[in-house]
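# Commentary on secondary and tertiary structure
Spelled out, the chains give:
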Amino acid sequence: MSVAVNEALTTATKWLADAGIPNADVDARILLAHAMDCEPSRLMLIGDEEVHPEVFRTFDGYLAAREKFQPVSQIIGGREFWGRWFVITPDVLDPRPETESLIETALQHGPFQRILDLGTGSGILAVTLAAEWADARAIAIDISSEAIAIATKNAVAHDVSDRVNLIVSNWFDAVAGQFDLIVSNPPYIAAAEMAELSPDVRNWEPFLALTPGGDGLETYRIIAPMLNEFLADDGLALFEIGHTQGTDVVEIFKTAGFANVTVSQDLGGKDRVVAVKK
Ligand SMILES: C[S@@+](CC[C@H](N)C(=O)[O-])C[C@H]1O[C@@H](n2cnc3c(N)ncnc32)[C@H](O)[C@@H]1O
C-alpha cells in the first residue's frame, strides 16, 4: 500500500487528536519529518510524494508511542534548547522553553568563569553556558546517575566535556570550591499539583525532576542556607521558579541572609527567575 505525505499527515493527525493529544497536527508533522529525516517545513513541499513503506512503519511506531502520551522529544531522542540539539530520554526532564529565560539572564550578566549547575538533568544549563563562554569551566551535579550519563553525552556532542565536570551529588554534598555563577532549575512542583499534570509529564518524566514533594519549595529551603559558602563574593546565583512562587522564594533567600534578591519574568510575562547576590 502506498501513502502520500499529505494523506499520512491527515490520518495521523486525526488518530492523535482522537487519542486526546493536543496540537496533534504539529506532532504528526514533527514525527513524520523525523521518520523521513527531513525538516518539518519540507513536508509542505513534498505533500504528493509517497512515503516509503519502511519509513511509514517507523512513523507508525512513533504514533503508537505518542498515542500513549510519550513526549515527542523522547520519541525522536532530543530537542533544541538555546539553538543547540540535546539528547533527551525518559531519564531526564524534557527541557522547557521557559528555562531559556535563565540562560538569557546569565548571558546578560556574564561572562562568568567558574559555574555550578545544581540538578543538571540533560545538562542544558551547564553545557549551554560552557558553549557560549569559551573560558568558562563548570561543575554540573545531579542525584541521578542516569541523568549524568545523558548530560555527559550532551557535553561531548557540544565539545565542552573538557570544561564541564559532571558528577553525581545530592545538591552540594560532593561540591567543593566557590563559583562566580550558580544556576539551578530544581524540582519545584507542589505535591498537590502532581495529579493535575498532563499525562505526558506525569507518566513519562522522572518524578525526582518534577517535585520535591510538599509545597514545592523544599529544594530552595535546602539550597539557600548553603549558598553563601559556595557563591563567590561578587557572584550571582540564578534559580528557576514556578510562576506563583516568586514571593516565597525571595523570602527564603532573604531569610538565609541575602539582601540582594530579585525576580524576573519569562517571555510570557510570568515570574520565572530569582537572582541572588551577596
Ligand atoms: C527540574 S529538573 C532540571 C533539569 C535541567 N537542569 C533542566 O533545566 O532541564 C531538576 C533536576 O534536579 C535533580 N535532582 C532532584 N533532587 C536532587 C538532589 N537531591 N540532588 C541533586 N539533584 C537533584 C533531578 O534529578 C533533575 O535532573
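Parameters and conventions
- Residues numbered from 1 in each chain as written.
- Predicted model: local features only at pLDDT ≥ 70, side-chain atom pairs only at ≥ 80, totals over all residues.
- Helix = DSSP H or I, 4+ residues; strand = E, 2+ residues; numbered from the N terminus.
- Rg over C-alpha atoms; globule rule 2.2 N^0.38 Å.
- Buried ≥ 20, exposed ≤ 12 C-beta atoms within 10 Å, placed from the backbone.
- Expected span 1.5 Å × (residues − 1).
- Contact = placed C-beta atoms within 7 Å.
- Pairing = 2+ DSSP bridges.
- Axes fitted to C-alpha atoms, helices over the stretch in contact; angles between N-to-C directions.
- Near = placed C-beta within 6 Å.
- Nonpolar A, V, L, I, M, F, W, Y, C, P; charged D, E, K, R; others polar.
- Domains from an automatic or database assignment.
- Parallel < 35°, antiparallel > 145°, perpendicular 65-115°, else oblique.
- Left-handed = near helix turned anticlockwise from the far one by under 90°.
- Core = buried A, V, L, I, M, F, W, Y, C linked by C-beta atoms within 7 Å.

So, on to the overall build of the chain. Counting its secondary structure elements, the chain contains 11 helices and 11 strands. Computed over C-alpha atoms, the radius of gyration of the chain comes to 21 Å, within 12% of the 19 Å expected from 2.2 N^0.38 for 278 residues, which places it in the range of a compact globule. By principal-axis analysis of the C-alpha atoms, the chain measures approximately 70 × 40 × 30 Å. Across the 278 residues that make up the chain, the buried fraction comes to 38%.

Another aspect to go through is helix H2 (residues 24-36). Helix length check: H2, at 13 residues, gives a terminal C-alpha distance of 18 Å against a target of 18 Å (1.5 Å per residue), a fit within 8%. All of the buried residues in H2 are Asp27, Ala28, Ile30, Leu31, Leu32, Ala35 and Met36. Buried residues belonging to H2 abut helix H1 (5-18), helix H3 (53-67) and helix H4 (72-76). Directly beyond the C-terminal end of H2, a positive phi value near 55° is found at Asp37.

Here we come to the sheet that holds strand S5 (residues 114-118). Taken in spatial order, the seven strands of this open sheet run S7-S6-S5-S8-S9-S11-S10, and their pairing is mixed. Only two strands of the sheet have a single partner each, and these edge strands are strand S7 (164-168) and strand S10 (260-265). Strand-to-strand twist of the sheet, defined as the mean angle between neighbouring strand axes without regard to direction, takes the value 15°. Sheet topology places strand S6 (residues 137-142) next to S7; five bridges connect them, and they run parallel. By the bridge assignment, Ala140 is partnered in S7 with Leu166. Helix H10 (residues 218-230) rests against S5, strand S8 (179-184), strand S9 (231-240) and strand S11 (271-277) of the sheet, and its axis sits at about 160° to S9.

On to the site of the ligand. Contacts to the ligand come from 21 residues, most closely from Gly119, Gly121, Ile143, Asn185 and Ala209. Elements that contribute at least two residues to the shell around the ligand include exactly helix H6 (124-132), S6 and helix H9 (207-210). Its residues assigned to classes, the shell around the ligand shows 12 nonpolar, eight polar and one charged.

Now for the domain arrangement of the chain. When cut into domains, the chain gives domain 1 (3-68) and domain 2 (92-277). Distance from the C-alpha centre of domain 1 to the C-alpha centre of domain 2: 35 Å.

Time to look at the packing of H1 against H2. Between H1 and H2, the shortest axis-to-axis distance is 8 Å and the interhelical angle comes to 130°. In terms of their interaxial angle, H1 and H2 are classed as oblique. Relative to H2, the crossing made by H1 is right-handed. Contacts between H1 and H2 involve Ala8, Leu9, Ala12, Thr13, Leu16 and Ala17 from the former and Ala24, Asp25, Asp27, Ala28, Arg29 and Leu32 from the latter. Split by residue class, the contact of H1 with H2 holds eight nonpolar, one polar and three charged.

Time to look at the nonpolar core. A general tendency of soluble globular proteins is for nonpolar side chains to be buried together. Among the nonpolar cores identified, the biggest contains 57 residues, and Ile115, Ala126, Leu129, Ala130, Ala138, Val164 and Val249 are the most heavily contacted of them. Residues contacting Leu129, with those up to four places away along its chain left out, are Ala106, Ile115, Ala136 and Ala138. In this structure, Ala12, Leu16, Leu43 and Val51 belong to the second largest nonpolar core, which totals 18 residues.

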